[in-house]
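Here is how the chains run, residue by residue.
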Amino acid sequence: MKIKFSGNGSHVILWVHGFCLSSDIWKEVIPYFDPDFTSINIDLPGFGGTSPTFFNDLPDLADQIYHQLHNHQISKVTLVGHSLGGYLCLELLRQRPQFCEGLVLFHANAFEDSKERKSVRQVYLDAFERFGGDFFLRNFHENLFYDKQHPAISFLKEQPHEITTEILKRYTKAMKDRSDYSDLLTHQIPKLLICGAFDQAISSEDYRKMYETAINCELLILSASAHMGMLEEPKQAAQAIRYFIEQLLNAHR
């Protein structure tokens, strides 16, 4: 995977992008944190021009992320994960709770897939096997946005040619088979849930259940976003995350 550093603050924020995306999704948000914080923005294997290195499942990939950061002498971070990236942040919290100072789930579900959702992912897996991945990537990005004409869509669509069918299969299977992380909602670590009012990937009912289950948790609903709030409402998202982290730091002073 590829790691980018920015800022020079003592508090470190790890930004983890979602499925079929790249570290560039945070380009409108991270500047709000420079230079007061250090941001670590990663490209997961097979996305953002990185090589599709092997991993077995999400726990394996989260372990790889941790060791990459450990090699850079990073001992504690606040985790910000979008969708798939949120699952990886939850897995990092499960594996290395001492490594995590705060958790921001950005359009990410702490519950495992429902039976219906697992069935849909299996349909895609079967289709990838038969037809490859081009059919999936063709309209993937539009479906993530509330505004189907958002200028970021054309920017994101420039990247799919880098994404192999094997990578689509590997991540889809890993997401289908992932653990239920809802027990981590009651972990004492401070948490921020960010959801989009028009998100088709995660239901408002699941967001409500997460918030009602969680302790030490805040909730932000982005009123003009679907599944890409960091690009649809970057200022609102960045300000909420920054306030959350500042409150976290004040609590430790």
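Here's a quick rundown of the structure. (Residues numbered from 1 in each chain as written. Predicted model: local features only at pLDDT ≥ 70, side-chain atom pairs only at ≥ 80, totals over all residues. Heavy atoms only, no water.)

Some thoughts on the side chain of E91
Thought 1: Its place among the elements puts E91 in helix α2 (residues 84-95).
Thought 2: This buried residue, E91, is left without a salt bridge; R94 holds the nearest opposite charge, at 5.0 Å.
Thought 3: Ignoring sequence-local partners within four residues, the contact set of E91 consists of L58, P59, A62 and Y181. (Helix = DSSP H or I, 4+ residues; strand = E, 2+ residues; numbered from the N terminus. Buried < 20%, exposed > 50% of the residue type's maximum accessible area, 1.4 Å probe, protein only. Lys, Arg positive; Asp, Glu negative; His and termini not counted. Salt bridge = Lys/Arg side-chain N within 4 Å of Asp/Glu carboxyl O. Contact = heavy atoms within 4.5 Å.)

Re the pairing of strand β2 (residues 12-16)
Thought 1: Counting buried positions along β2 gives five out of five residues, so the element sits mostly inside the fold.
Thought 2: Residues V12, L14 and V16 line one face of β2 and the alternating positions I13 and W15 line the opposite face, and both faces are buried.
Thought 3: In this structure, β2 lies alongside strand β3 (residues 38-43), joined through five bridges in parallel fashion. Opposite W15, over in β3, you have N41 as the bridge partner.
Thought 4: Here β2 runs beside strand β4 (residues 77-82); their pairing, made up of four bridges, is parallel. (Pairing = 2+ DSSP bridges.)

What about the nonpolar core?
Within soluble globular proteins, side chains that are nonpolar generally end up buried alongside one another.
Thought 1: In this structure, L14, F19, L44, L84 and I241 are the most contacted members of the largest nonpolar core, which totals 85 residues.
Thought 2: In contact with F19, other than residues within four places in its own chain, are F47, L84, F136, F140, L168, Y171, T172 and M175. (Core = buried A, V, L, I, M, F, W, Y, C linked by side-chain atoms within 4.5 Å.)

Thoughts on the packing of helix α3 (residues 115-131) against helix α6 (residues 165-176)
Thought 1: Two numbers describe how α3 lies on α6: the axes approach to 10 Å, and their chain directions differ by 160 degrees. Taken together, the axis directions place α3 and α6 in an arrangement best described as roughly antiparallel. The way α3 lies across α6 gives a crossing that is left-handed. Of the residues in α6, those in contact with K118, R121, Q122, L125, F128 and E129 of α3 are T165, L168, K169, T172, K173, M175 and K176.
Thought 2: When the residues that make up the contact of α3 with α6 are grouped by side-chain class, the tally is four nonpolar, three polar and six charged. (Axes fitted to C-alpha atoms, helices over the stretch in contact; angles between N-to-C directions. Parallel < 35°, antiparallel > 145°, perpendicular 65-115°, else oblique. Left-handed = near helix turned anticlockwise from the far one by under 90°. Nonpolar A, V, L, I, M, F, W, Y, C, P; charged D, E, K, R; others polar.)

A word on α3
Thought 1: The first and last C-alpha atoms of α3 sit 24 Å apart over 17 residues, in line with the 24 Å expected at 1.5 Å per residue.
Thought 2: R121, L125, A127 and F128 are the residues of α3 that are buried. The buried residues of α3 occupy one face: seen down the axis, they fall within an arc of 165 degrees. Residues of α3 that are exposed and angled more than 90 degrees away from the buried face: K115, E116, V123, E129, R130 and F131.
Thought 3: Next to the buried residues of α3 lie α2, α4 (134-138) and α6.
Thought 4: The positive-phi residue at the C-terminal boundary of α3 is G132, with phi of around 80 degrees. (Expected span 1.5 Å × (residues − 1). Arc of directions from axis to C-beta.)

By themselves, these are just geometric observations and shouldn't be taken as functional.
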